[in-house]
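Read off the chains here:
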Amino acid sequence: MSIKLYYTEEYLQEYALTLASIVPDSQVVLFDAAMIVDEQLYLLLNKDTLLLVSSLFKPFDLDLFYNEFIIKRKPGLKREILLQAINLRTGTDELLEALDLTAGLGRDSILMALAGFRVTMLENNPYLAIILNYLSINFCAQLKLTVQYISNDKYLQTNSQKYHVIYFDPMFADGKSSLAKKDMQLIDLMIKFVSDSAFVNNEEVFNLAYAHCLHKLVIKRDNKQRCLIPKPDPTYVKSGKTIRFDVYQVPS
Ligand SMILES: C[S@@+](CC[C@H](N)C(=O)[O-])C[C@H]1O[C@@H](n2cnc3c(N)ncnc32)[C@H](O)[C@@H]1O
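The structure displayed is predicted, hence computed values, not measured ones.

Observations regarding the overall build of the protein
And then number 1: In terms of helices and strands, the protein carries eight helices and 12 strands.
And then number 2: Whereas a compact globule of 252 residues would reach a radius of gyration of roughly 18 Å, the protein reaches 18 Å, a difference of no more than 12%.
And then number 3: Taking all 252 residues of the protein together, the buried fraction comes to 36%.

Below is the structure:
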(Lines give C-alpha, C1' and ligand atoms only; values in the text may rest on other atoms or scores of the structure.)
Protein backbone atom coordinates (compact mmCIF):
# COMPACT_ATOMS: atom_id res chain seq x y z
CA MET A 1 0.00 0.00 0.00
CA SER A 2 1.36 3.42 -0.96
CA ILE A 3 0.99 6.11 1.68
CA LYS A 4 0.85 9.87 1.09
CA LEU A 5 2.77 12.75 2.57
CA TYR A 6 1.23 16.11 1.63
CA TYR A 7 3.03 19.45 1.93
CA THR A 8 1.30 22.84 2.14
CA GLU A 9 3.75 25.18 0.30
CA GLU A 10 5.94 24.68 -2.78
CA TYR A 11 9.13 25.43 -0.88
CA LEU A 12 8.47 22.49 1.47
CA GLN A 13 8.59 19.96 -1.38
CA GLU A 14 12.29 19.17 -1.01
CA TYR A 15 11.97 18.55 2.71
CA ALA A 16 8.85 16.44 2.16
CA LEU A 17 10.78 14.34 -0.40
CA THR A 18 13.62 13.87 2.09
CA LEU A 19 11.21 12.75 4.81
CA ALA A 20 9.36 10.35 2.52
CA SER A 21 12.51 8.94 0.90
CA ILE A 22 12.72 6.41 3.74
CA VAL A 23 9.59 4.68 2.38
CA PRO A 24 10.39 3.94 -1.27
CA ASP A 25 6.84 3.66 -2.64
CA SER A 26 5.33 6.62 -0.74
CA GLN A 27 3.84 9.57 -2.61
CA VAL A 28 4.69 13.23 -1.98
CA VAL A 29 1.87 15.55 -3.06
CA LEU A 30 1.16 19.31 -2.85
CA PHE A 31 -1.81 19.74 -0.51
CA ASP A 32 -5.12 20.82 -2.01
CA ALA A 33 -8.06 20.47 0.40
CA ALA A 34 -10.43 19.86 -2.54
CA MET A 35 -8.42 16.77 -3.54
CA ILE A 36 -8.64 15.11 -0.14
CA VAL A 37 -11.65 12.91 -0.65
CA ASP A 38 -11.83 9.52 1.05
CA GLU A 39 -8.35 10.05 2.44
CA GLN A 40 -8.70 8.45 5.86
CA LEU A 41 -5.16 8.75 7.15
CA TYR A 42 -2.31 10.89 5.85
CA LEU A 43 0.71 12.94 6.85
CA LEU A 44 0.73 16.69 6.26
CA LEU A 45 3.88 18.80 6.38
CA ASN A 46 3.40 22.53 6.93
CA LYS A 47 5.92 25.25 7.80
CA ASP A 48 5.66 24.56 11.53
CA THR A 49 5.21 20.83 11.94
CA LEU A 50 4.31 17.39 10.62
CA LEU A 51 0.71 16.41 11.27
CA LEU A 52 -0.93 12.99 11.30
CA VAL A 53 -4.42 13.62 9.99
CA SER A 54 -7.43 11.32 10.19
CA SER A 55 -11.18 11.58 10.19
CA LEU A 56 -11.14 9.78 13.55
CA PHE A 57 -9.26 12.30 15.68
CA LYS A 58 -8.03 15.89 15.57
CA PRO A 59 -4.74 16.39 13.70
CA PHE A 60 -1.87 15.08 15.78
CA ASP A 61 0.96 17.63 15.90
CA LEU A 62 4.26 15.74 16.00
CA ASP A 63 6.51 18.72 16.62
CA LEU A 64 4.43 19.62 19.67
CA PHE A 65 4.29 15.98 20.80
CA TYR A 66 8.07 15.57 20.68
CA ASN A 67 8.85 18.96 22.22
CA GLU A 68 6.44 18.33 25.09
CA PHE A 69 7.78 14.81 25.59
CA ILE A 70 11.40 16.00 25.78
CA ILE A 71 10.60 18.98 28.07
CA LYS A 72 8.62 16.74 30.41
CA ARG A 73 10.98 13.76 30.58
CA LYS A 74 14.48 15.22 30.22
CA PRO A 75 14.75 16.72 33.74
CA GLY A 76 13.83 13.39 35.41
CA LEU A 77 15.95 10.97 33.38
CA LYS A 78 17.32 9.31 36.52
CA ARG A 79 13.77 8.27 37.45
CA GLU A 80 13.11 6.57 34.08
CA ILE A 81 12.74 2.85 34.73
CA LEU A 82 13.96 2.01 31.23
CA LEU A 83 17.23 3.83 31.89
CA GLN A 84 17.51 2.27 35.34
CA ALA A 85 17.01 -1.11 33.70
CA ILE A 86 19.75 -0.39 31.14
CA ASN A 87 22.15 1.05 33.74
CA LEU A 88 25.15 0.56 31.50
CA ARG A 89 28.67 1.49 32.52
CA THR A 90 31.35 0.34 30.10
CA GLY A 91 34.24 2.10 31.79
CA THR A 92 35.33 3.71 28.51
CA ASP A 93 34.50 6.95 26.69
CA GLU A 94 33.28 5.16 23.58
CA LEU A 95 29.95 6.24 22.12
CA LEU A 96 27.30 3.76 23.21
CA GLU A 97 25.14 2.29 20.48
CA ALA A 98 21.55 1.18 21.08
CA LEU A 99 19.19 -0.57 18.70
CA ASP A 100 15.43 -0.14 19.16
CA LEU A 101 13.79 -3.10 17.41
CA THR A 102 10.25 -1.69 17.54
CA ALA A 103 10.56 2.10 17.61
CA GLY A 104 6.86 3.06 17.27
CA LEU A 105 6.58 6.80 17.98
CA GLY A 106 10.18 6.75 19.20
CA ARG A 107 9.53 7.70 22.80
CA ASP A 108 11.77 5.04 24.34
CA SER A 109 14.44 5.78 21.72
CA ILE A 110 14.32 9.44 22.76
CA LEU A 111 14.91 8.47 26.39
CA MET A 112 17.94 6.38 25.41
CA ALA A 113 19.25 9.20 23.19
CA LEU A 114 18.79 11.73 26.00
CA ALA A 115 20.88 9.38 28.17
CA GLY A 116 23.71 9.63 25.62
CA PHE A 117 23.18 6.63 23.34
CA ARG A 118 23.31 6.82 19.58
CA VAL A 119 20.09 5.01 18.72
CA THR A 120 19.17 3.15 15.55
CA MET A 121 15.39 2.87 15.35
CA LEU A 122 13.72 0.07 13.37
CA GLU A 123 10.10 0.35 12.32
CA ASN A 124 8.14 -1.60 9.72
CA ASN A 125 5.13 0.72 9.51
CA PRO A 126 5.51 3.33 6.73
CA TYR A 127 3.63 6.16 8.53
CA LEU A 128 5.73 5.68 11.64
CA ALA A 129 8.94 5.41 9.61
CA ILE A 130 8.30 8.86 8.09
CA ILE A 131 7.35 10.26 11.49
CA LEU A 132 10.57 8.85 12.99
CA ASN A 133 12.55 10.30 10.09
CA TYR A 134 11.02 13.70 10.94
CA LEU A 135 12.01 13.16 14.59
CA SER A 136 15.59 12.22 13.73
CA ILE A 137 16.07 15.18 11.37
CA ASN A 138 14.24 17.89 13.33
CA PHE A 139 15.74 17.02 16.68
CA CYS A 140 19.27 16.14 15.48
CA ALA A 141 20.80 18.98 17.53
CA GLN A 142 19.87 17.21 20.78
CA LEU A 143 19.35 13.54 19.87
CA LYS A 144 21.53 11.07 17.97
CA LEU A 145 18.84 9.08 16.20
CA THR A 146 18.66 7.28 12.88
CA VAL A 147 15.79 5.24 11.49
CA GLN A 148 15.45 2.28 9.15
CA TYR A 149 12.15 1.27 7.55
CA ILE A 150 12.52 -2.50 7.81
CA SER A 151 11.23 -5.48 9.72
CA ASN A 152 13.49 -6.17 12.69
CA ASP A 153 14.05 -9.84 11.79
CA LYS A 154 15.25 -8.89 8.30
CA TYR A 155 17.53 -6.19 9.70
CA LEU A 156 19.11 -8.58 12.17
CA GLN A 157 19.53 -11.28 9.52
CA THR A 158 21.25 -8.95 7.04
CA ASN A 159 23.26 -6.62 9.29
CA SER A 160 26.35 -7.65 11.24
CA GLN A 161 26.73 -4.58 13.49
CA LYS A 162 26.73 -5.17 17.24
CA TYR A 163 25.07 -2.87 19.77
CA HIS A 164 25.79 -2.23 23.43
CA VAL A 165 22.07 -2.31 24.18
CA ILE A 166 19.21 -3.79 22.19
CA TYR A 167 15.71 -2.80 23.18
CA PHE A 168 12.51 -4.66 22.26
CA ASP A 169 8.96 -3.43 22.97
CA PRO A 170 6.90 -6.04 21.10
CA MET A 171 3.24 -5.85 20.32
CA PHE A 172 1.07 -8.23 22.35
CA ALA A 173 -0.12 -11.33 20.53
CA ASP A 174 -3.50 -9.58 20.18
CA GLY A 175 -1.82 -6.63 18.44
CA LYS A 176 -1.91 -4.38 21.50
CA SER A 177 1.14 -3.22 23.48
CA SER A 178 2.26 -1.98 26.86
CA LEU A 179 2.14 1.68 25.76
CA ALA A 180 -0.27 4.14 27.37
CA LYS A 181 -3.70 4.22 25.76
CA LYS A 182 -3.65 7.45 23.75
CA ASP A 183 -0.29 6.80 22.13
CA MET A 184 -1.22 3.21 21.38
CA GLN A 185 -4.47 4.24 19.72
CA LEU A 186 -2.43 6.26 17.24
CA ILE A 187 0.01 3.43 16.62
CA ASP A 188 -2.88 0.95 16.29
CA LEU A 189 -4.53 3.19 13.74
CA MET A 190 -1.38 3.43 11.63
CA ILE A 191 -0.89 -0.33 11.81
CA LYS A 192 -4.53 -0.94 10.87
CA PHE A 193 -4.08 1.09 7.69
CA VAL A 194 -1.22 -1.10 6.54
CA SER A 195 -2.59 -4.58 6.56
CA ASP A 196 0.40 -6.31 5.00
CA SER A 197 2.73 -6.37 8.05
CA ALA A 198 4.20 -9.87 8.12
CA PHE A 199 4.03 -11.95 11.29
CA VAL A 200 7.35 -12.10 13.11
CA ASN A 201 8.27 -14.77 15.62
CA ASN A 202 9.30 -13.03 18.86
CA GLU A 203 11.49 -15.94 19.95
CA GLU A 204 13.38 -15.81 16.67
CA VAL A 205 13.85 -12.06 17.06
CA PHE A 206 15.06 -12.60 20.64
CA ASN A 207 17.71 -15.08 19.50
CA LEU A 208 18.86 -12.88 16.61
CA ALA A 209 18.99 -9.82 18.87
CA TYR A 210 20.95 -11.68 21.55
CA ALA A 211 23.57 -12.56 18.93
CA HIS A 212 23.92 -8.84 17.98
CA CYS A 213 24.13 -7.62 21.57
CA LEU A 214 27.33 -6.62 23.36
CA HIS A 215 25.91 -6.01 26.85
CA LYS A 216 22.17 -5.95 27.51
CA LEU A 217 19.03 -7.02 25.76
CA VAL A 218 16.08 -5.22 27.37
CA ILE A 219 12.48 -6.30 26.82
CA LYS A 220 9.45 -4.28 27.86
CA ARG A 221 6.57 -6.29 29.29
CA ASP A 222 3.27 -5.54 30.96
CA ASN A 223 3.48 -6.70 34.58
CA LYS A 224 0.69 -9.20 33.89
CA GLN A 225 2.63 -10.80 31.04
CA ARG A 226 5.02 -13.71 31.20
CA CYS A 227 8.56 -13.31 29.93
CA LEU A 228 8.79 -13.16 26.14
CA ILE A 229 10.55 -16.52 26.03
CA PRO A 230 10.27 -19.41 28.51
CA LYS A 231 14.07 -19.83 28.92
CA PRO A 232 16.54 -18.40 29.83
CA ASP A 233 15.23 -16.33 32.73
CA PRO A 234 16.13 -12.64 32.63
CA THR A 235 19.36 -11.77 34.46
CA TYR A 236 17.35 -9.18 36.39
CA VAL A 237 14.04 -7.34 36.20
CA LYS A 238 13.22 -3.68 36.79
CA SER A 239 9.54 -3.15 37.56
CA GLY A 240 7.26 -0.12 37.57
CA LYS A 241 3.59 0.09 38.58
CA THR A 242 2.20 -1.49 35.43
CA ILE A 243 5.16 -2.37 33.23
CA ARG A 244 8.54 -3.95 33.73
CA PHE A 245 11.78 -4.41 31.84
CA ASP A 246 13.30 -7.90 31.61
CA VAL A 247 17.06 -7.54 31.18
CA TYR A 248 19.23 -10.25 29.64
CA GLN A 249 22.90 -9.61 30.26
CA VAL A 250 25.20 -10.94 27.57
CA PRO A 251 28.36 -12.53 29.03
CA SER A 252 31.42 -10.53 27.95
C1 LIG B 1 4.57 -1.22 21.15
S2 LIG B 1 5.01 -0.29 19.80
C3 LIG B 1 6.52 0.45 20.30
C4 LIG B 1 6.35 1.77 21.00
C5 LIG B 1 7.67 2.44 21.26
N6 LIG B 1 8.44 1.72 22.27
C7 LIG B 1 7.50 3.90 21.64
O8 LIG B 1 8.18 4.34 22.58
O9 LIG B 1 6.75 4.62 20.98
C10 LIG B 1 5.61 -1.52 18.72
C11 LIG B 1 6.03 -0.98 17.36
O12 LIG B 1 6.74 -2.00 16.69
C13 LIG B 1 6.43 -1.95 15.33
N14 LIG B 1 6.72 -3.29 14.81
C15 LIG B 1 5.95 -4.41 14.95
N16 LIG B 1 6.56 -5.45 14.38
C17 LIG B 1 7.74 -4.99 13.86
C18 LIG B 1 8.79 -5.60 13.14
N19 LIG B 1 8.77 -6.90 12.83
N20 LIG B 1 9.86 -4.84 12.76
C21 LIG B 1 9.89 -3.52 13.08
N22 LIG B 1 8.90 -2.88 13.75
C23 LIG B 1 7.85 -3.61 14.15
C24 LIG B 1 4.96 -1.56 15.28
O25 LIG B 1 4.64 -0.98 14.04
C26 LIG B 1 4.87 -0.58 16.44
O27 LIG B 1 5.07 0.73 15.98
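Now that the structure is up, let's keep going.
A short note on unusual backbone geometry
Leave glycine aside and you will find that most residues have negative phi; peptide bonds, for their part, are mostly trans.
And then number 1: Residue Pro-232 is reached from Lys-231 by a cis peptide bond, and omega for that bond is 0°.
And then number 2: Secondary-structure assignment places Pro-232 in the loop between strand S10 (213-222) and strand S11 (236-239).
And then number 3: At Asn-87, a position not held by glycine, the phi torsion is positive, near 30°.
And then number 4: Tracing the sequence through the fold places Asn-87 in the loop between helix H3 (81-86) and strand S6 (97-100).

Here's the deal with the sheet that holds strand S7 (residues 118-123)
And then number 1: Reading across the sheet, the seven strands line up as S8-S7-S6-S9-S10-S12-S11 and stay open at both edges, with mixed pairing between neighbours. In the strand order of this sheet, the two ends are held by strand S8 (145-149) and S11, each with one partner. The average undirected angle you get between the axes of adjacent strands in this sheet is 20°.
And then number 2: Pairing of strand S9 (residues 163-168) with S10, which is carried by five bridges, proceeds in the parallel orientation. When the sheet's bridge partners are listed, Tyr-163 is paired in S10 with Cys-213.

Re the environment of Ile-110
And then number 1: Take Ile-110: it is sitting in helix H4 (residues 107-114).
And then number 2: Accessibility expressed as a C-beta count within 10 Å gives 24 for Ile-110, which makes it buried.
And then number 3: Residues Ile-110 and Phe-69, 41 residues apart in the sequence, show an inter-C-alpha distance of 8.9 Å.
And then number 4: What Ile-110 contacts, discounting residues up to four positions off in sequence, is Phe-69, Ile-70 and Leu-143.

Here's the deal with the pairing of S9
And then number 1: Among the six residues in S9, six count as buried, and that is most of the element.
And then number 2: In the sheet, S6 pairs with S9 via three bridges, with the strands oriented parallel. Across the sheet, the residue bridging to Leu-99 is Ile-166, located in S9.

A word on the domain arrangement of the protein
And then number 1: Looking at the protein, the domain boundaries give domain 1 (4-61) and domain 2 (64-249).
And then number 2: Listed per partner, the contact involves 15 residues of domain 1 and 14 residues of domain 2.
And then number 3: Elements that contribute at least two residues to the side of domain 1 that touches domain 2 include exactly helix H1 (13-20), strand S3 (41-45), strand S4 (50-54) and strand S5 (57-61).
And then number 4: Within the side of domain 1 that touches domain 2, the residues separate by chemical class into 11 nonpolar, three polar and one charged.

Some remarks on the sheet that holds S4
Backbone-to-backbone hydrogen bonds pair the strands of a sheet. The strands run either parallel or antiparallel.
And then number 1: The strand order S2-S1-S3-S4-S5 describes an open sheet built from five strands, whose pairing is mixed. Every interior strand has two partners, whereas the edge strands, strand S2 (27-30) and S5, have only one. This sheet shows a mean twist of 25° between the axes of neighbouring strands, independent of strand direction.
And then number 2: Pairing analysis gives three bridges linking strand S1 (residues 4-7) to S3, with the strands arranged parallel. Along S3, the bridge assignment pairs Tyr-7 with Leu-45.

Notes on the environment of Gln-84
And then number 1: Tracing the backbone through its elements, the reader meets Gln-84 in helix H3.
And then number 2: The spatial distance from the C-alpha of Gln-84 to the C-alpha of Lys-238 is 7.5 Å, given a sequence separation of 154 residues.

Quick look at the nonpolar core
And then number 1: Within the largest apolar cluster, 64 residues are counted, with the highest numbers of intra-cluster contacts made by Leu-5, Ala-98, Ile-130, Ile-131, Ile-166, Tyr-167 and Ala-209.
And then number 2: Per-element accounting of this core gives the leading share, eight residues, to helix H5 (residues 126-138).
And then number 3: Looking at which domains feed residues into this core, each of domain 1 (4-61) and domain 2 (64-249) gives three or more.
And then number 4: Leaving out residues up to four positions away in the same chain, Ala-98 has contacts with Met-112, Phe-117, Val-119, Tyr-163, His-164, Val-165 and Tyr-167.

Observations concerning the environment of Leu-62
And then number 1: Within the secondary structure, Leu-62 is located in helix H2 (residues 62-73).
And then number 2: Among the residues examined, Leu-62 registers 22 C-beta atoms within 10 Å and is labelled buried.
And then number 3: Put simply, Leu-62 and Glu-14 are 48 residues apart on the chain and 19 Å apart in space, counted from C-alpha to C-alpha.
And then number 4: Not counting chain neighbours up to four residues away, the residues in contact with Leu-62 comprise Thr-49, Leu-50, Leu-51, Leu-52, Ile-131 and Tyr-134.

Conventions we followed
- Residues numbered from 1 in each chain as written.
- Predicted model: local features only at pLDDT ≥ 70, side-chain atom pairs only at ≥ 80, totals over all residues.
- Helix = DSSP H or I, 4+ residues; strand = E, 2+ residues; numbered from the N terminus.
- Rg over C-alpha atoms; globule rule 2.2 N^0.38 Å.
- Buried ≥ 20, exposed ≤ 12 C-beta atoms within 10 Å, placed from the backbone.
- Pairing = 2+ DSSP bridges.
- Axes fitted to C-alpha atoms, helices over the stretch in contact; angles between N-to-C directions.
- Contact = placed C-beta atoms within 7 Å.
- Domains from an automatic or database assignment.
- Nonpolar A, V, L, I, M, F, W, Y, C, P; charged D, E, K, R; others polar.
- Core = buried A, V, L, I, M, F, W, Y, C linked by C-beta atoms within 7 Å.

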